[in-house]
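# Coordinate inspection notes
Below are the chains, spelled out letter by letter.
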Amino acid sequence: MSPRTLLVRAAAVATMDDAGTEFVDGGVFVRGHLIEAVGPRAALPATADDVVDLPGHVLLPGLVNTHHHLFQTLTRALPAAQDASLFAWLRALYPVWSRLTPAMIRVSALTGFAELLLSGCTTTSDHLYLYPNGSRLDDTLEAAAAIGIRFHACRGSMSVGESAGGLPPDALVESEASILADSLRVIETFHDPRPHAMTRIALAPCSPFSVSRDLMRETARLARACGVGLHTHLAENDSDVDYSRERFGCTPAEYAESLDWVGADVWHAHCVKLDPAGIGRFAATRTGVAHCPTSNMRLASGIAPVRAMLDAGVRVGLGVDGSASNDSSHLLGEARQALLLQRVGHGAHSLSARDALRLATRGGAAVLGRDDIGRLAVGCAADLVAFDLSGPAHAGAAEHDPVAALVFCAPAPLALAVIHGRVVVRDGAILTLTLSPLLAQHRALARRLVRGE
């Protein structure tokens, strides 16, 4: 049988290609899982197996999320962690997270995926770094396959507990031998290196204050032998920098470089306190950064020097971060926060609306090492989203610049999401799962987790 075709037409199209091409009254024609044509209405085929007309909407590539902790959807707005900075926040939450079960990991992932989808995200990474009570990375991978989202699963790890000078309790760390063995198992079982892959694996020791230098080195060797990416937290706040200086005698960027944790296959989350020398080194080595503006504000970590990173040539994408430090997983909202926070810290010209959308699309794709997503172009994976600008929140903006309105105005409701050529969200509703029973189960598990039932 021939592959099914899909034609999506909208009032405005932002391709996010190299030239920043945009169309008024344009669309995308899809065959199978690939984009076959992009352009104005007159240049596209007139019909397809499925035709979606979206007047009053903006069509753009699916958004790409480069940093998350999906399990944290179960511990949003926890009172003990509401008014804490990073280290105190973690100490308040570690005992709760030690009670996580495989069912909790899977349901929290499904809930987080659903929230991301409804914000326009079609590709996400996730950094799962603790595995209590028999939990495995497989639990999130199964959830991603069920909902149909493109997924970069990061096999995280913690190996240095409190008794050895680390931050996490000893009960939440693993032996380094078992971490490396399971990392290899996950790669061999799930990683797909082919173009347009739906599932990829990265290896992700959690942070300088929870893993050893030996594990960082051995993880890098394993990842490069297997051809997968590397991810960790770095330079998130002043306490993080102080820990690196006191424990290792160097800055976080120097620490990363000393362990061979720089390069086009590496991306670091946050980098709020990355100094000019670190920015230069990251640019020279093509090391990526996941910028998480809301989490950085929520934990009072600071304002990451994103404009300086971009000017230097650092690859930068957006991350919503965990739902216990952001309390939301809205990627379009995160693009707006990125714009506003850069302007607070670095001036009105530091980031434009289209710059912010580029971080959420092309930037995120580049950080994840992909050139087959993040833009609407012939031959790319058919990941596209459309937002409805017909409501009161966008009146008086959509008429002037509908693309910029996506960022300057309140986040618009999602009407359509297509992933790998498959319609996953239509008329604002997720087609691959039923939300009501999922959310009821999630609420019950959140109560059980926090109360220790």
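Residues numbered from 1 in each chain as written. Predicted model: local features only at pLDDT ≥ 70, side-chain atom pairs only at ≥ 80, totals over all residues. Heavy atoms only, no water.

If you walk through the whole model with that rule in mind, you get nine aromatic pairs. Considering the side-chain rings of tyrosine 94 and tryptophan 97, the 6.2 Å spacing of their centres and the 80° angle between planes classify their relative orientation as edge-to-face. In this pair, tyrosine 94 and tryptophan 97 are both assigned in helix H1 (residues 86-97), three residues apart and thus about one turn of the helix distant. Each member of the pair tyrosine 94 and tryptophan 97 is classed as buried. (Phe/Tyr/Trp six-rings, centres within 6.5 Å; stacked < 30°, edge-to-face > 60°. Helix = DSSP H or I, 4+ residues; strand = E, 2+ residues; numbered from the N terminus. Buried < 20%, exposed > 50% of the residue type's maximum accessible area, 1.4 Å probe, protein only.)

Before going further, it helps to spend a moment on helix H3 (residues 138-147). H3 sits mainly inside the fold: seven of its ten residues count as buried. Among all positions in H3, only Asp138, Asp139, Thr140, Leu141, Ala143, Ala144 and Ile147 are buried. The elements touched by buried residues of H3 are helix H2 (102-117), strand S6 (121-128), strand S7 (150-157), helix H4 (176-190), strand S8 (199-205) and strand S15 (422-426). Two residues or fewer after H3 comes glycine 148, characterised by a positive phi angle close to 90°. (Contact = heavy atoms within 4.5 Å.)

On to the pairing of strand S11 (residues 288-291), then. Judged by which residues are buried, S11 turns out to be covered on both faces: Gly288 and Ala290 on one side and Val289 and His291 on the other are all buried. Bridge count for strand S10 (residues 266-270) against S11 is three bridges, and the pairing is parallel. Residue tryptophan 267 lies in a different strand from S11, and its bridge partner there is glycine 288. Between the parallel elements S10 and S11, the chain passes through helix H8 (residues 276-285) in a crossover that is right-handed. (Pairing = 2+ DSSP bridges. Right-handed = clockwise from strand over helix to strand, strands pointing away.)

Moving on, we get to the nonpolar core. Of all hydrophobic cores here, the largest spans 123 residues; its most connected members are Trp89 and Trp97. It is H2 that contributes the most residues to this core, nine residues altogether. Residues contacting tryptophan 89, with those up to four places away along its chain left out, are Gln72, Ala81, Ala84, Trp97, Arg298, Leu299, Ala324 and Ser325. Residues Ala10, Ile35, Leu59 and Leu384 belong to the second largest nonpolar core, which totals 19 residues. (Core = buried A, V, L, I, M, F, W, Y, C linked by side-chain atoms within 4.5 Å.)

Relative to the assigned elements, threonine 123 resides in strand S6. The residues touching threonine 123, leaving out its near neighbours within four places in the chain, are Leu63, Val64, Asn65, Ile149, Arg150, His152, Leu368, Ile373 and Asp383.

One way to put it is that H2 packs onto helix H14 (residues 435-451) with a least axis distance of 10 Å and a crossing angle of 130°. For the element pair H2 / H14, the angle class is oblique. Considering the relative orientation of H2 and H14, their crossing is left-handed. Counting all contacts with H2, which are made through Ala103, Met104, Val107, Ser108, Leu110, Thr111 and Ala114, the residues of H14 involved are Leu435, Leu438, Leu439, Gln441, His442, Leu445, Arg448 and Leu449. Class assignment of the residues belonging to the contact of H2 with H14 gives a composition of ten nonpolar, four polar and one charged. (Axes fitted to C-alpha atoms, helices over the stretch in contact; angles between N-to-C directions. Parallel < 35°, antiparallel > 145°, perpendicular 65-115°, else oblique. Left-handed = near helix turned anticlockwise from the far one by under 90°. Nonpolar A, V, L, I, M, F, W, Y, C, P; charged D, E, K, R; others polar.)

Regions with low pLDDT carry predicted coordinates that are not meant to be interpreted in detail. Here the protein chain averages 97 in pLDDT, and 100% of its residues register 70 or above. Confidence, read as mean pLDDT per element, is least for helix H6 (residues 238-248) in the protein chain (92) and greatest for strand S5 (residues 63-65) (99). (pLDDT = per-residue confidence, 0-100.)

Our focus in this paragraph is the sheet that holds strand S2 (residues 22-31). Taken together, eight strands build an open sheet; the order of strands is S3-S2-S1-S4-S13-S14-S15-S16 and the sheet is mixed. Among the strands making up the open sheet, the edge pair consists of strand S3 (34-40) and strand S16 (429-430). Bridge analysis of strand S4 (residues 50-61) against strand S13 (residues 384-388) gives five bridges, and the strand direction is antiparallel. In the strand pairing of S13, valine 58 is matched with phenylalanine 387.

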